[in-house]
Amino acid sequence: MEWMPALRIGWLNGWLAVALLGLTEGLAFMLLPKEVVARLFDRSGWSKTQAAFTVLGKMCALGCLILLVLTPLKTGAPVFWLGAMLVAAALAGLVKAIADFAGTPLDEPVTRGIYALSRHPQVVFSSLVLLGACIAVGSWLSTGLLLLARALAHLGILAEEEVCANRYGEPYRAYMKRIPRYFLFF
């Protein structure tokens, strides 16, 4: 790993992992009913501050994505294999999380399947895909931008939970007490 690897456009760059993530999510959004996709992106009930921090987080994520696209994979280094395995495992988890989300009736909170282990598995797995890509390209800068993006996005996650608690009431509040937000971390 290095702070700032040499940037260049190439076929064997971190864009491969970004493309796999985009393809996975894009296919899911195309195949899922519109109501399910709308539920994923519902931002009603968010404060202006929560929305603003989420936008800042997205700007940091964009910086990370640009670095990944322009950074060659460290194909001869152990970090490449570690990152590639993390990308593959996280993509499988993301597909499971999207399927569990889609299989929940719209008038119920999503609490079954992998959501019985984490309240936000889609966020965790998409973050792990990008972390795997950051590791595979060997860049501390892209890793730092990703961590900053996810820290800022945490405020959006808190807003989402507040909206769900208001919408679904006590069953969702009990779920929040029982299930960690990010698998191991409340």
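Here the structure is shown first, and the text comes after it.
Residues numbered from 1 in each chain as written. Predicted model: local features only at pLDDT ≥ 70, side-chain atom pairs only at ≥ 80, totals over all residues. Heavy atoms only, no water.

Novice: Got a minute to help me understand the overall build of the protein chain in this structure?
Specialist: Broken down by element type, the protein chain carries seven helices and zero strands. Ordered by position from N to C terminus, the α and β elements of the protein chain give α-α-α-α-α-α-α. The C-alpha atoms of the protein chain give 17 Å as radius of gyration, which agrees with the globular expectation for 186 residues (16 Å, within 12%). Viewed in the frame of its principal axes, the protein chain has a C-alpha envelope of about 50 × 30 × 30 Å. Long-range pairs, those at least 24 residues apart, make up 80% of the contacts in the protein chain with a sequence separation of at least 6. Surface accessibility of the protein chain: about 10,000 Å² in total, with carbon and sulfur atoms responsible for 73%. A gap of 4 Å separates the mean positions of the 16 positive and 11 negative side-chain charges of the protein chain. (Helix = DSSP H or I, 4+ residues; strand = E, 2+ residues; numbered from the N terminus. Rg over C-alpha atoms; globule rule 2.2 N^0.38 Å. Contact = heavy atoms within 4.5 Å. Areas by Shrake-Rupley, 256 points an atom, 1.4 Å probe, with all protein chains shown as cover. Lys, Arg positive; Asp, Glu negative; His and termini not counted. Charge placed at Lys NZ, Arg CZ, Asp CG, Glu CD.)

Novice: What is the right way to read the pattern of salt bridges from this model?
Specialist: A pair can form between side chains of opposite charge whenever their charged atoms are brought close. By the definition in use, this model includes four salt bridges. As a salt-bridge pair, lysine 96 and aspartate 100 come within 2.8 Å of each other at their nearest N and O atoms. Of the two residues, lysine 96 and aspartate 100 are both situated in helix α4 (residues 78–102); the distance of four residues between them amounts to about one turn of the helix. Residue class for lysine 96 comes out partly exposed when judged on its relative accessible area of 40%. Among the salt bridges present, the one from glutamate 108 reaches arginine 112, with a minimum N-O distance of 3.0 Å. Owing to a relative accessible area of 29%, glutamate 108 belongs among the partly exposed residues under this scheme. Residue arginine 112 is classed as partly exposed on the basis of its relative accessible area, which comes to 45%. Salt bridges here are not isolated pairs; linked through shared partners, they connect Arg119, Glu161 and Arg181. (Salt bridge = Lys/Arg side-chain N within 4 Å of Asp/Glu carboxyl O. Buried < 20%, exposed > 50% of the residue type's maximum accessible area, 1.4 Å probe, protein only.)

Novice: I keep staring at the nonpolar core and nothing clicks. Help me out?
Specialist: For soluble globular proteins, the rule of thumb is that nonpolar side chains tend to be buried together. By size, the foremost hydrophobic cluster in this structure holds 35 residues, and its most contacted members are Leu32, Leu68, Tyr115, Phe125, Val129, Leu130 and Tyr172. Elements with a contribution of two residues or more to this core: α1 (15–31), α2 (34–40), α3 (48–70), α4, α5 (121–137), α6 (140–168) and α7 (170–178). The element best represented in this core is α4, accounting for eight residues. Not counting residues within four places of it along the chain, the set of residues in contact with valine 129 comprises Ala17, Leu21, Val87, Ala90 and Leu91. (Core = buried A, V, L, I, M, F, W, Y, C linked by side-chain atoms within 4.5 Å.)

Novice: What am I meant to see in the side chain of serine 118 here?
Specialist: With respect to the element layout, serine 118 can be found in the loop between α4 and α5. Here serine 118 falls in the buried class, since its relative accessible area comes to 0%. Looking at serine 118, its side chain comes within polar contact range of the main-chain oxygen of arginine 181, at 3.0 Å. Leaving out residues up to four positions away in the same chain, serine 118 has contacts with Val124, Tyr175, Ile179, Pro180, Arg181, Tyr182 and Phe183. (Polar contact = N/O pair within 3.5 Å; in protein donor to acceptor, adjacent residues only side chain to side chain.)

Novice: Whenever I open this one, the packing of α3 against α6 confuses me. Can you help?
Specialist: Relative orientation and spacing of two packed helices are given, respectively, by the angle between their axes and the distance between those axes. Two elements in contact, α3 and α6, have axes whose closest approach is 8 Å; the angle formed by their N-to-C orientations is 150°. Taken together, the axis directions place α3 and α6 in an arrangement best described as roughly antiparallel. In this structure, α3 crosses over α6, and the sense of that crossing is left-handed. Contact residues: Gln50, Phe53, Thr54, Leu56, Gly57, Cys60, Ala61, Gly63, Cys64, Leu67 and Leu68 in α3; Leu141, Ser142, Leu145, Leu146, Leu148, Ala149, Leu152, Leu155, Gly156, Ala159 and Glu162 in α6. Residues that form the contact of α3 with α6 fall into these classes: 15 nonpolar, six polar and one charged. (Axes fitted to C-alpha atoms, helices over the stretch in contact; angles between N-to-C directions. Parallel < 35°, antiparallel > 145°, perpendicular 65-115°, else oblique. Left-handed = near helix turned anticlockwise from the far one by under 90°. Nonpolar A, V, L, I, M, F, W, Y, C, P; charged D, E, K, R; others polar.)

Novice: What is the right way to read the environment of serine 127 from this model?
Specialist: Note that serine 127 resides in helix α5. Given a relative accessible area of 14%, serine 127 falls into the buried group. Placed 23 residues apart in sequence, serine 127 and arginine 150 show a C-alpha to C-alpha distance of 7.6 Å. With sequence-adjacent residues up to four places away left out, serine 127 is seen in contact with Leu146 and Arg150.

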